[in-house]
Amino acid sequence: MAGPHSMRVELISFGFAHNEREEGSSRPPVADIVIDLRQHLRNGTGSDVLVAATAGTITAFAGGSHRPVTAAIGCEDGQAASPAFVAALADLLGTNVLTVHHRDAVAAAAAISSY
């Protein structure tokens, strides 16, 4: 997706069942945009339409922002659905992506191996 050259995006995948600061908390990371995939994706499968819509939302939100926009994408455990979704989103956003962080992913899955 082509966006403004000034658009800079930081992507974070996470699990609502985890939190680095408080055991048992389901708080997402601090972000400008938080997307909850738990009701939209099942069994780690993604939707191209949802990825494209999310990319469009991030692009619209970022607009001409002079600072990076952080988007946090969460699923239940942060192990499969959200890392795969973030990887697809990063591919779609291309060079606008500054960083990709998988907060709760224990193993580097094939979907996130390039980041």
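In this text the structure is predicted, and so the values were computed from the model without any measurement.

Participant: Honestly, the pairing of strand E3 (residues 69–75) in this entry has me stumped. Any pointers?
Facilitator: Within a regular strand, the side chains alternate between the two sheet faces. In terms of burial, E3 is largely enclosed, as 7 of its 7 residues are buried. Pairing of strand E1 (residues 9–15) with E3, which is carried by 7 bridges, proceeds in the parallel orientation. Along E3, the bridge assignment pairs Glu 10 with Thr 70. Of the strand pairs in this sheet, strand E2 (residues 33–36) and E3 are connected by 4 bridges, and their pairing is parallel. The partner of Ile 33 across the bridge, within E3, is Ala 71.

Participant: Help me out: how do you make sense of the sheet that holds E2 in this one?
Facilitator: The strands that make up a sheet pair up through hydrogen bonds in the backbone, lying either parallel or antiparallel. Here we have 4 strands laid out as an open sheet, ordered E2-E3-E1-E4, and parallel in their pairing. Every interior strand has two partners, whereas the edge strands, E2 and strand E4 (97–102), have only one. Each strand axis lies, on average, 15° off the axis of its neighbour in the sheet, ignoring direction. Together, E1, E2 and E3 form the strand contacts of helix H1 (residues 48–62), whose direction differs from that of E3 by roughly 155°. Contacts from helix H2 (residues 81–93) reach E1, E3 and E4 within the one sheet, and its direction differs from that of E1 by about 165°.

Each value, and the rule that gives it
Every chain's residues receive numbers from 1 upward, in the order its sequence appears when written. For a predicted model such as this one, the threshold for reporting local features is a pLDDT of at least 70, and the threshold for listing and counting side-chain atom pairs is 80 or more; totals across whole chains, interfaces and linings nevertheless cover every residue. Remark: hydrogens and water are excluded; side-chain values derive from all non-hydrogen atoms of the structure. When accessible area is computed with a 1.4 Å probe and restricted to protein chains, residues below 20% of their type maximum are described as buried, those above 50% as exposed, and intermediate ones as partly exposed. The helix count covers DSSP runs of H or I at least four residues long, the strand count covers runs of E at least two residues long, and both are numbered beginning at the N terminus. We treat two strands as partners when DSSP finds at least two bridges between them. To get an axis, a line is fitted to the C-alpha atoms, and for a helix only the part in contact is used. The angle between two axes follows their N-to-C directions and goes from 0 to 180 degrees. A contact between two residues is defined here by any heavy atoms of the two lying within 4.5 Å.

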